[in-house]
Protein chains: 2
Amino acid sequence: MPFAEVSTDIIGLFEEIVGAEHVIVDPEKRYNYSHDETEDYSFLPDVVLRPGTTDEVSRIMRLCNEHSLPVTPRGGGTGLAGAALPIEKGVVVSMERFDKILEIDELNLQATVEPGVITEVFQNAVKAKGLFYPPDPASRGTCFIGGNVSQNSGGPKAVKYGVTRDYVLNLEVVLPNGEVIWTGANVLKNSTGYNLTQLMCGSEGTLGIITRIVFKLRGLPQKSVLLLLPFVTNAEACRAIAEIFRAGVQPSGMEFFEREAAMKTIDYCEKIYAAKVTTSFPENMDAYLLCELDGNDDEVLMRDAERVMNVAEQFQVGEILFADTAAQKDELWKIRKNISPAVNAYSLTKSEDVVVPRANLPRLIVGIKEIGKQYGFNSVCFGHLGDGNLHVNVLKENISDEDWHTKIVDGIGEIFKLTVSLGGTLSGEHGIGIAKKPYMSIAMREANLAVMRGIKLAFDPKGILNPGKIF
Amino acid sequence: MPFAEVSTDIIGLFEEIVGAEHVIVDPEKRYNYSHDETEDYSFLPDVVLRPGTTDEVSRIMRLCNEHSLPVTPRGGGTGLAGAALPIEKGVVVSMERFDKILEIDELNLQATVEPGVITEVFQNAVKAKGLFYPPDPASRGTCFIGGNVSQNSGGPKAVKYGVTRDYVLNLEVVLPNGEVIWTGANVLKNSTGYNLTQLMCGSEGTLGIITRIVFKLRGLPQKSVLLLLPFVTNAEACRAIAEIFRAGVQPSGMEFFEREAAMKTIDYCEKIYAAKVTTSFPENMDAYLLCELDGNDDEVLMRDAERVMNVAEQFQVGEILFADTAAQKDELWKIRKNISPAVNAYSLTKSEDVVVPRANLPRLIVGIKEIGKQYGFNSVCFGHLGDGNLHVNVLKENISDEDWHTKIVDGIGEIFKLTVSLGGTLSGEHGIGIAKKPYMSIAMREANLAVMRGIKLAFDPKGILNPGKIF
């Protein structure tokens, strides 16, 4: 569909809506909105708007819809699939001024927030009241909670507590035509018409712009223990995961990383934080599991920790570290959360986010390494393996630009084919955006894509909202 | 949209697809498919088909779509909103032959089932392997699991474990045009395109016919305790619920029923099961809470039970019954689960299913009784109040037919207005169907309904699938 240009007249109308200080046309300032954390992608928008109210967003959308201007909504810019990049130029609507926590309702265990709140700020505000918002993406210190909803972010606690969508009760959304709706009600159960709330979650800003979010909250678990389990082989680490769950233990975190991820990240953290890492990672190991258990009862936690260790010891396992001080736990989590930045600092990467049924992980990880050999790339694997969700960072290193854009792309296609053949799919928590869009036909049939396009058309007949994403 | 008639030629084509023995034209046999458990509604279909395979469903849909024949999919016929009633006549597609549990995957904690499996049969099959499928509608002995998905059923365990949709990972669906899709993948996390799985859950058979379901399962809790807490007033029982959650306890059941519900149900159960009810329900009480705690650790359960009792004792409470034998627990649950049939045996009812934020329950229940006085009806209230989900059975008793269809309908409208003013909505777990459709504009704006209609159109351009439901 041909889009219109952003004319000087239109800029004037935008200034009337949001105020001139919130209309960014300066190219240098606009550049900040041209990229996220996906490879080296960059697309310069014609103009960036920073609305402050739902009504302003509504008026922007009405105007853009009328004039067929492409609109790309943007959160914290930490996405790994390029979903917030203005590939058709036009208008970026940055939600940075929607940064207020409107209410934390302790009686109903609910919170109402604007989408531009930093995830960690929200987590801490809730924690200060003895409550718990479990979704915890690695980018929590800079990502926006609205982006978490749009991409359906996860993080390490999803294995016990679910992903972002499991906490979304209700959304205020500005539709592409400027209409404002609430998708549901502030209730724990709802069978009143189609589930628009869940349809919005993970729709990557293509169906509407989220302007308010009602989350459900939980009570804060008071205690946790953390185990670092070193395994001689990747495949055995993966097998141990399935067995730990079969033993009836429900960890609140079950993270996996290869030795190379640990080593690169230790170096990176020592540099960034200017502090020596004190945890020792046993050598001659392929991979480590970081297993967290949480709850309110020391005895139950210790009993479960023992069950985890008993399962692990049925495999070729190194010395298990039981992290019992807060400092040691913090250090281990810091290493885990810095894997992605550390790997990116080492080399340009293509970051994949595949997910399979848990028991199929051993075949997945072995297959990925074989594909790497065949197509000539190294990869660093880590992720939330309790969920079956593996992050595969394919390293550019000294691969030529040409191969990076052709042969390696094909190799990644093979990873996705393997994933789907194992009952899995393309993305567990990062979304599709533009980075994984070319691979969608591996995961779903034309009939699925046709249904999705039909839904998109129902919301956005002119296709102005976040065009060119997902499918 | 004008629908075509089911001609003799069409019947012949149906016979080719499913076999003559599965094409029901005999009026008496068809009558069985004309009603569910919603009031005294009855709509006779022209023909009932009983396909046995996805391919047969696909061919039926293709034929009906081509010929503009209305199709109403049907599960166990236990619905309380009339969602499975063929109000436009035409074709009923009964899923009764889709009655196989295809796989219980113990390693991945998943199960694949056909939609015509009785919910209780599935629960028991899973339990036999030490696993747990928590959704537990009161009709579990006769309802179909596919109907549970279509209506997003709940039940008492939802307060801790979530509703049906929280267990659905992936669905095989026949679209109105006969195309067959899988909505997602068999994985715990999925950010790969729009969430068609969640869109199907609760869509009441209007978007497609579900032919296979992949559920996630949990480990089976080994122990439970059950408390019966009698309260002097309804409102105090409701207030106690919010306080129990604030005290950090997470019950696996938090059911509420008025004294009248208990008394009617005891009589009913003694008659039906021909056995005296031994539990005594303290007199001079307005309402009772049935609070279940489950887990694997006796000490933790006893400590939580004490916390529940301590909270309750801050209110005007009668003697608390601690049910410690299996027989006593069974009896209490039997009474709870028979409330709806008992009330229906006493009088024709309109059964409502409102849901509000938990802390607003006291105002809701007081308001409902005031509306009853004003409009001249009695009501029996019970339900899953831990979720804020209250069932309100409005009794016809000796109300005239005319008032029943006019004044009482208006009174129920007032209940819904009150519910929405308290941040709630029309249905927590029964769905909208035809029974609550006239009230949809109380819960949502025209823009919401327009979006839903747009989605419907994307799936079903001719509007042949379950026409006239929801909106």
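Along each chain, the written sequence defines residue order, and numbers are assigned to residues from 1. All chains are assigned letters beginning at A, and all ligands numbers beginning at 1, according to the order in which they are written. For this predicted model, a pLDDT threshold of at least 70 governs which residues receive local features, and a threshold of 80 or more governs which side-chain atom pairs are given and counted, while totals over whole chains, interfaces and linings are taken from all residues. Note that water and hydrogens are dropped before the side-chain values are worked out from all heavy atoms of the structure.

An unreviewed UniProt entry lists chain A under the name FAD-binding oxidoreductase, with Dawidia cretensis as the source organism.

A. Fine view of the overall build of chain A. Across its full length, chain A holds 17 helices and 18 strands. The globule rule puts the C-alpha radius of gyration for 471 residues at 23 Å, and the 22 Å found for chain A is close to it. Projected onto its principal axes, the C-alpha positions of chain A cover 70 × 60 × 50 Å. Partly exposed residues are those whose accessible area sits between 20% and 50% of the maximum for their type, while under 20% is buried and over 50% is exposed, using a 1.4 Å probe and protein chains only. Counting across all 471 residues of chain A, residues that qualify as buried make up 62%. Contacts are assigned to residue pairs with any non-hydrogen atoms lying within 4.5 Å of each other. Contacts in chain A between residues far apart in sequence, at least 24 positions, make up 74% of those at least 6 positions apart. A total of about 17,000 Å² of accessible surface is found on chain A, and carbon and sulfur atoms cover 47% of it. Where helices and strands are cited, they refer to DSSP runs of H or I of at least four residues and of E of at least two residues respectively, numbered from the N terminus. With the radius of gyration taken over C-alpha atoms, the globule rule is written as 2.2 Å times the number of residues to the power 0.38. For the area figures, the Shrake-Rupley method with a 1.4 Å probe applies, and any residue is considered shielded solely by the protein chains shown.

B. Local environment of the pairing of strand β4 (residues 91–94) of chain A. Residue and element names in this part refer to chain A. Side chains Val91 and Val93 project from β4 onto one buried face, and the interleaved Val92 and Ser94 project onto a second face that is buried too. One bridge is not enough; two strands pair if DSSP finds at least two bridges between them. Bridge analysis of strand β2 (residues 47–49) against β4 gives three bridges, and the strand direction is parallel. Residue pairing across strands places valine 47 opposite valine 91, the latter belonging to β4. Relative to β4, strand β3 (residues 71–74) runs parallel, the two sharing four bridges. Residue pairing across strands places arginine 74 opposite serine 94, the latter belonging to β4.

C. Layout of unusual backbone geometry. Here leucine 109 of chain B, not a glycine, exhibits a phi torsion of approximately 55°, which is positive. Assignment of secondary structure puts leucine 109 of chain B in the loop between β5 (101–105) and β6 (110–113).

D. Here's a closer look at helix α1 (residues 8–18) of chain B. All names here are of chain B. Every buried residue of α1 is listed here: Ile10, Ile11, Phe14, Ile17 and Val18. Looking straight down α1, one finds that the buried residues subtend no more than 115° of arc, so they occupy a single side. When the buried face of α1 is taken as reference, the exposed residues oriented beyond 90 degrees from it are Thr8, Asp9 and Glu16. Considering only its buried residues, α1 is in contact with β1 (23–24), β2 (47–49), α3 (54–67) and β4 (91–94). A positive phi of about 90° marks glycine 19, the residue just after α1. The arc under discussion is defined with respect to the helix axis, by the directions toward the C-beta atoms.

E. Representation of the interface of chain B and chain A. Listed as interface residues are 78 residues of chain B and, on the opposing side, 78 residues of chain A. Buried area counts how much accessible surface, traced with a 1.4 Å probe, disappears from two parts once they are put together, with both parts' losses summed. Here chain B packs against chain A, burying approximately 5,800 Å² in sum over the two surfaces, 57% of which is carbon and sulfur. Salt bridges are defined by distance alone: a side-chain nitrogen of Lys or Arg within 4 Å of a carboxyl oxygen of Asp or Glu. At the junction of chain B with chain A, the criterion picks out eight salt bridges. The residue lysine 189 of chain A makes a salt bridge to glutamate 429 of chain B at a minimum N-O spacing of 2.7 Å. Polar contacts, as used here, are pairs of N or O atoms within 3.5 Å; protein pairs need one atom able to donate a hydrogen and one able to accept it. Residues neighboring in sequence count only if both atoms are side-chain atoms. Taken together, chain B and chain A are joined by 27 residue pairs in polar contact (both at pLDDT 80 or more). Secondary structure elements with two or more residues in the side of chain B that touches chain A: β9 (180–182), α7 (196–200), α8 (234–246), α10 (298–312), α16 (440–443) and α17 (446–459) of chain B. Three residue categories are used. Nonpolar comprises Ala, Val, Leu, Ile, Met, Phe, Trp, Tyr, Cys and Pro, charged comprises Asp, Glu, Lys and Arg, and polar comprises the others, including Gly. Partitioning the side of chain B that touches chain A into residue classes produces 33 nonpolar, 29 polar and 16 charged.

F. Molecular detail of the packing of α8 of chain B against helix α13 (residues 361–375) of chain B. All names here are of chain B. For the pair α8 and α13, the least separation of the axes is 8 Å and the interaxial angle reads 160°. The angle between α8 and α13 places the two elements in the roughly antiparallel class. α8 and α13 meet at a crossing whose hand is right-handed. The residues of α13 that touch α8, namely those facing Asn234, Ala235, Cys238 and Arg239, are Leu361, Pro362, Ile365, Val366 and Lys369. Comment: axis = line fitted to C-alpha atoms, over the contacting stretch for helices; angle = value between 0 and 180 degrees taken between N-to-C directions. When an angle is under 35 degrees it counts as roughly parallel; over 145 it counts as roughly antiparallel; between 65 and 115 it counts as roughly perpendicular; any other value is oblique. Left-handed describes a crossing whose near helix is turned anticlockwise from the far helix by less than a right angle; the clockwise case is right-handed.

G. Representation of the pattern of salt bridges in the model. Residues and elements named next belong to chain B. In total, this model carries 54 salt bridges over all chains according to the counting rule given. Across the salt bridge formed by aspartate 298 and lysine 223, the nearest N and O atoms sit 3.4 Å from each other. Of this pair, aspartate 298 sits in helix α10 while lysine 223 is found in strand β12 (residues 223–231), placing the two residues 75 residues apart along the sequence. With a relative accessible area of 47%, aspartate 298 lands in the partly exposed category. In this structure, the salt-bridge partner of lysine 417 is glutamate 414, at a minimum N-O distance of 3.3 Å. Here the residue lysine 417 and the residue glutamate 414 both occupy positions in helix α15 (residues 407–421), the gap between them amounting to three residues, near one helical turn. Classification of lysine 417 by relative accessible area gives partly exposed; the value is 45%. With a relative accessible area of 27%, glutamate 414 lands in the partly exposed category.

H. Region of the structure containing the relation of the copies chain B and chain A. The copies are overlaid by a least-squares fit using only the C-alpha atoms of residues whose pLDDT is at least 70 in both copies. For these two chains of identical sequence, chain B goes onto chain A by a turn of 180° and a shift of 0.0 Å along the axis, with RMSD 0.0 Å. When the rotation and shift are considered jointly, the pair of chain copies conforms to a two-fold rotation axis. When each C-alpha of chain B is compared by its distance to the rotation axis, isoleucine 455 of chain B comes out closest, at 2.8 Å.

I. Geometry of the domain arrangement of chain A. All names here are of chain A. The domain boundaries here were taken from an automatic or database domain assignment. Once the domains are mapped, chain A shows domain 1 (223–338) and domain 2 (347–431). Listed per partner, the contact involves 15 residues of domain 1 and 18 residues of domain 2. Taken together, the two surfaces of domain 1 and domain 2 that pack against each other cover about 1,300 Å², and 66% of this comes from carbon and sulfur. Sorting the residues of domain 1 by area buried against domain 2 places Cys238, Phe256 and Glu258 first, and these three jointly supply 35% of that buried surface. Counting the contacts that link domain 1 with domain 2 gives one salt bridge. Remark: the boundary between domain 1 and domain 2 carries six residue pairs in polar contact (both at pLDDT 80 or more). Of all the secondary-structure elements, those providing two or more residues to the side of domain 1 that touches domain 2 are α8 (234–246), β13 (253–258) and α9 (259–272). Tallied by class, residues from the side of domain 1 that touches domain 2 come to nine nonpolar, one polar and five charged.

J. Quick look at helix α12 (residues 339–346) of chain B. All names here are of chain B. For α12, the complete set of buried residues consists of Ile339, Ser340, Ala342 and Val343. Seen along its axis, α12 keeps its buried residues to an arc of 165°; they face one direction. The secondary structure elements touched by the buried residues of α12 are β13 (253–258), α9 (259–272), α11 (326–337), β16 (349–355), β17 (379–384) and β18 (389–395).

K. Broad picture of the pairing of strand β6 (residues 110–113) of chain A. Residues and elements named next belong to chain A. What you see with β6 is no split at all: Gln110 and Thr112 on one side and Ala111 and Val113 on the other are buried throughout. The hairpin turn running from strand β5 (residues 101–105) into β6, its antiparallel successor, is four residues long, and leucine 109 in that turn takes a positive phi close to 55°. Pairing geometry for β6 and strand β10 (residues 209–216), over four bridges, is antiparallel. The partner of valine 113 across the bridge, within β10, is isoleucine 213.

L. Molecular detail of the sheet that holds β17 of chain B. Residue and element names in this part refer to chain B. Reading across the sheet, the seven strands line up as β15-β12-β14-β13-β17-β18-β16 and stay open at both edges, with antiparallel pairing between neighbours. Two strands in the sheet have a free side with no partner beyond their single neighbour: β15 (321–323) and β16. Each neighbouring strand pair of the sheet contributes to a mean axis angle of 15°, computed without reference to strand direction. Direction of pairing for β16 relative to β18: antiparallel, over a ladder of seven bridges. Residue pairing across strands places glutamate 352 opposite valine 392, the latter belonging to β18. Against the sheet, α12 touches β13, β16, β17 and β18, its axis set at about 15° to β18. Contacts between α13 and the sheet are confined to β13, β16, β17 and β18, with β17 contributing the most and set at about 160° to the helix.

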